[in-house]
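Examination of the molecular architecture
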Amino acid sequence: MGEILCLNAGSSSLKFALFRADAGGEPTPLAAGKIENIGLAPHLIVRDAGGGAITEQRWTKDDKATHETLLEDLLGRIETSVGEDLVGVGHRVVHGGPDRFAPARVDDALLAELDGLCPLAPLHQPHNLAAVRAVARLRPALPQIACFDTGFHHGQPAVATRLALPRALTTEGVRRYGFHGISYEYIARRLRELDGPATGGRTIAAHLGNGASLCAMDKGRSIDTTMGFTALDGLVMGTRCGTLDPGAVLYLFQEKGMTPEQVEHLLYNESGLLGVSGISSDMRALLASDDERAGEAIDLFVWQIARQTGALAASLGGLDSFVFTAGIGENAPEVRARVAARLGWLGVEIDEEANRRGEPVISTTSSRIVVRLIPTDEERMIAIHTADLLREETKP
Ligand code: ADP
C-alpha cells in the first residue's frame, strides 16, 4: 500500500512515526522521532525502528521556524526517503466529543466539529487540529485520519459517564469522556495477544506519563476511567491538578479574584507534581531530589494512584490484573514498587528483582493479581487505524 505518517502534535512538540503498510496485516515501523522546543530553539531527532539515531538537527531562534515550516521540512525529508509512497497521515486528536469515537477521514465539516471541542481540551486539541490544517495546506491531496483519545471509552455504562449536575448540562455534553484511549486500546490489544480472549480479565491499566490516568477494563473494554469531562480530572499529573473539589475553583474566583484564564493556567500548567514540589514536573528530577517537597509530591502521586485504583476495582467488582505503562510506568521501578505496596490489600505482590529489571510480568507467582509492564505505542495504534481505514476506502 505505502507509508503512513502518524502525528501527535502538542504546543511545543511534534511526535511522529513512519510505518510501512501492506495490503494486509499490521503496519511495520520504519522510523520515529520528535521535534521539541518549537517556538524557541527546535530540535529534531529521528530514530530508526531499532532505536538508533538517524538524523538530528537544531534550529536557532533566528531561523524563525514555526510548526508549519517544521512540518514542511519533515514531510520533505520523508518524501525524499520514501519517494511518492506516502499514502496517508494519521493524527492523534484528543477529543472526539459525544459523537465521534471511531477513527475518521478528516474533511472541513469534521474539522469544524472538532474545533468546537477546543474549550474541552485547551492544552491539546488546538495543536492537534493545527497540524491537520497544516498538512492539508502543504499536501492537499494526502488523506488524513483522526484517531480520538476519547474513542476507546465509548460504550462505558451510562452511569460511569454521568456527572451529578442538572440534566440539561448533561444533554449539552457536560459529561465524563475519558482520555488516553489510543494508549489503552493498544494495551487491550497486547493483553489479548498475551492472554487470549480473557484479555487480562478485570484489569486496571495505569498510563503514567506527563498526563496520567487509570482505565478499568473488563475483558479489554473500558468500563470506567479517572479522567472525565476534561483531561484535568483523576490522578496527580506533571502540571495538572487531577481530582479537585470544585469548591477550590470557586475560591480561586471569588476570594482570589482570579480570571478564567488565570485559573485555567493554574490548573493545567502550575499544579500537579510541579505545583506540589515547587521544583519540577519531571518524575526523574523529583526522584533524584532530596528536597522534602519532592518527596511529598511523589507521596501524593502514589497515594492518588492507589486511592483511585480502589475506586476502579469497585467499578469492576474485583481485579485480576494491573498494567503499568507510559514514561513513569515503564521506567520508574521505585514508583511501581510504592504503588504496588499500597495495593497489597487487593492481593498485589511484586517480585522486587523482576520489577527492578523491568520484566513483562513483575508480580510474584503467588500474587493474586498479575502485574504487567507493557510499553505503550500510541503511534502504532494510529497507524493500524489509518491503514485499516485507507484499505476500507480503496476496497472495490
Ligand atoms: P507524555 O505524557 O508527554 O508522552 P511520557 O509518557 O514520555 O510523557 O512520560 C514522561 C514522564 O516519564 C516524566 O515525568 C519523566 O520524568 C518520566 N520518566 C521517563 N523516564 C523515566 C525514568 N527513567 N525514571 C523515572 N521517570 C521517568
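Residues numbered from 1 in each chain as written. Predicted model: local features only at pLDDT ≥ 70, side-chain atom pairs only at ≥ 80, totals over all residues. Heavy atoms only, no water.

**Considering the overall build of the protein chain**
Across its full length, the protein chain holds 15 helices and 13 strands. Whereas a compact globule of 396 residues would reach a radius of gyration of roughly 21 Å, the protein chain reaches 21 Å, a difference of no more than 12%. Seen along its three principal axes, the alpha-carbon backbone of the protein chain occupies a region of about 55 × 55 × 45 Å. Of note, the protein chain has its 39 positive side-chain charges centred 3 Å away from the centre of its 52 negative side-chain charges. (Helix = DSSP H or I, 4+ residues; strand = E, 2+ residues; numbered from the N terminus. Rg over C-alpha atoms; globule rule 2.2 N^0.38 Å. Lys, Arg positive; Asp, Glu negative; His and termini not counted. Charge placed at Lys NZ, Arg CZ, Asp CG, Glu CD.)

**Looking at the pattern of salt bridges**
Within this structure, the stated rule accounts for 26 salt bridges. Across the pair Glu26 and Arg189 runs a salt bridge, and its minimum N-O distance is 3.1 Å. You can see Glu26 sitting in the loop between strand E2 (14-21) and strand E3 (28-36) and its partner Arg189 sitting in helix H6 (residues 181-195), a full 163 residues away along the chain. Taking relative accessible area as the criterion, Glu26 reaches 34% and is therefore assigned partly exposed. A relative accessible area of 27% means that Arg189 is categorised as partly exposed. Note that Arg380 is salt-bridged to Asp377, the shortest N-O span being 3.3 Å. (Salt bridge = Lys/Arg side-chain N within 4 Å of Asp/Glu carboxyl O. Buried < 20%, exposed > 50% of the residue type's maximum accessible area, 1.4 Å probe, protein only.)

**Remarks on the site of the ligand**
Around the ligand, 14 residues are found, and the nearest of them are Lys15, Asn210, Asp282, Met283 and Gly327. Take Lys15: an N or O atom from its side chain is 2.9 Å from an oxygen atom of the ligand. With respect to the ligand, the backbone of Ile328 contributes an N or O atom lying 3.3 Å from an oxygen atom. The protein chains hide 72% of the 580 Å² of surface that the ligand would expose on its own. When residues of the shell around the ligand are traced back to their parent elements, those giving at least two are helix H10 (283-288) and helix H12 (326-331). Here the shell around the ligand gets four residues from one element, more than from any other, and that element is H12. Among the residues making up the shell around the ligand, the classes are represented as five nonpolar, six polar and three charged. (Near = heavy atom within 4 Å. Polar contact = N/O pair within 3.5 Å; in protein donor to acceptor, adjacent residues only side chain to side chain. Areas by Shrake-Rupley, 256 points an atom, 1.4 Å probe, with all protein chains shown as cover. Nonpolar A, V, L, I, M, F, W, Y, C, P; charged D, E, K, R; others polar.)

**What about the sheet that holds strand E11 (residues 221-225)?**
The sheet built from five strands is open, its strands ordered E11-E10-E9-E12-E13 with mixed pairing. Of all strands in the sheet, those bounded by a partner on one side alone are E11 and strand E13 (370-373). Strand-to-strand twist across the sheet, computed as the mean angle between neighbouring axes with direction ignored, equals 25°. Of the strands in this sheet, strand E9 (202-208), strand E10 (212-218), strand E12 (321-325) and E13 touch H6, which is tilted by about 45° from E10. Contacts from helix H11 (residues 292-316) reach E9, E10, E11 and E12 within the one sheet, and its direction differs from that of E10 by about 20°. (Pairing = 2+ DSSP bridges. Axes fitted to C-alpha atoms, helices over the stretch in contact; angles between N-to-C directions. Contact = heavy atoms within 4.5 Å.)

**Observations regarding helix H8 (residues 260-269)**
Listed in full, the buried residues belonging to H8 are Val263, Leu267 and Tyr268. Buried positions in H8, seen along its axis, are confined to an arc of 115° and lie on one side of it. Packed against the buried residues of H8 are helix H7 (246-254). (Arc of directions from axis to C-beta.)

**A look at the packing of helix H1 (residues 67-82) against helix H3 (residues 125-138)**
Between H1 and H3, the shortest axis-to-axis distance is 10 Å and the interhelical angle comes to 60°. Between H1 and H3, the angle is such that the two are oblique. Every pair of crossing elements has a handedness; the one defined by H1 and H3 is right-handed. Contacts between H1 and H3 involve Glu68, Leu71, Glu72 and Leu75 on the former and, on the latter, Ala131, Ala134, Val135, Arg137 and Leu138. Across the contact of H1 with H3, the residue classes break down as six nonpolar, no polar and three charged. (Parallel < 35°, antiparallel > 145°, perpendicular 65-115°, else oblique. Left-handed = near helix turned anticlockwise from the far one by under 90°.)

**What about empty space enclosed by the protein?**
Enumeration over the complete set of coordinates arrives at one cavity of 30 Å³ or more. Put simply, the largest cavity is a space of about 70 Å³. Along its surface, the largest cavity is lined by Gly97, Pro98, Arg100, Phe101, Thr150, Gly151, His153, His154, Arg175 and Tyr177. Considering only residue class, the lining of the largest cavity consists of three nonpolar, five polar and two charged. (1 Å grid on protein atoms, 1.4 Å probe; cavity = no way out; pocket = protein on both sides within 12 Å on 5 of 7 lines; lining within 4 Å. Points joined across faces, edges and corners; volume = space filled by probe spheres on them.)

**Some remarks on the nonpolar core**
Ranked by size, the top nonpolar core spans 44 residues in total, and within it Ile204, Leu208, Phe301, Phe322, Val335 and Val339 carry the most contacts. Leave out the neighbours within four places in its chain, and Phe301 touches Leu208, Ala212, Val236, Leu273, Met283, Ile328 and Val335. Counting residues in each nonpolar core, the second largest holds 26 residues, with Leu7, Leu74, Leu75 and Ala131 among its members. (Core = buried A, V, L, I, M, F, W, Y, C linked by side-chain atoms within 4.5 Å.)

**Some details on the sheet that holds strand E5 (residues 53-58)**
Overall, mixed pairing links the eight strands, which are arranged E5-E4-E3-E2-E1-E6-E8-E7 in an open sheet. At either margin of the open sheet sits one strand with a lone partner, and together these are E5 and strand E7 (104-105). Judged from the five bridges that link them, strand E1 (residues 2-9) and strand E6 (residues 86-93) form a sheet pairing that is parallel. Bridge pairing in E6 places Glu3 opposite Leu86.

**What about the pairing of E11?**
Most of E11 is tucked away: four of the five residues are buried. Counted along the chain from E10 to the antiparallel partner E11, the turn is two residues long, and its residue Lys219 has a positive phi close to 50°.

**Remarks on the packing of H7 against H8**
Two numbers describe how H7 lies on H8: the axes approach to 10 Å, and their chain directions differ by 135°. Put simply, H7 runs oblique to H8. Helix-helix and strand crossings are classified by hand; for H7 and H8 the assignment is right-handed. Of the residues in H8, those touching H7 at Val249, Leu252 and Phe253 are Pro260, Val263, Leu266 and Leu267. Grouping the constituent residues of the contact of H7 with H8 by class yields seven nonpolar, no polar and no charged.

These results come straight from atomic positions and should not be treated as a statement about function.
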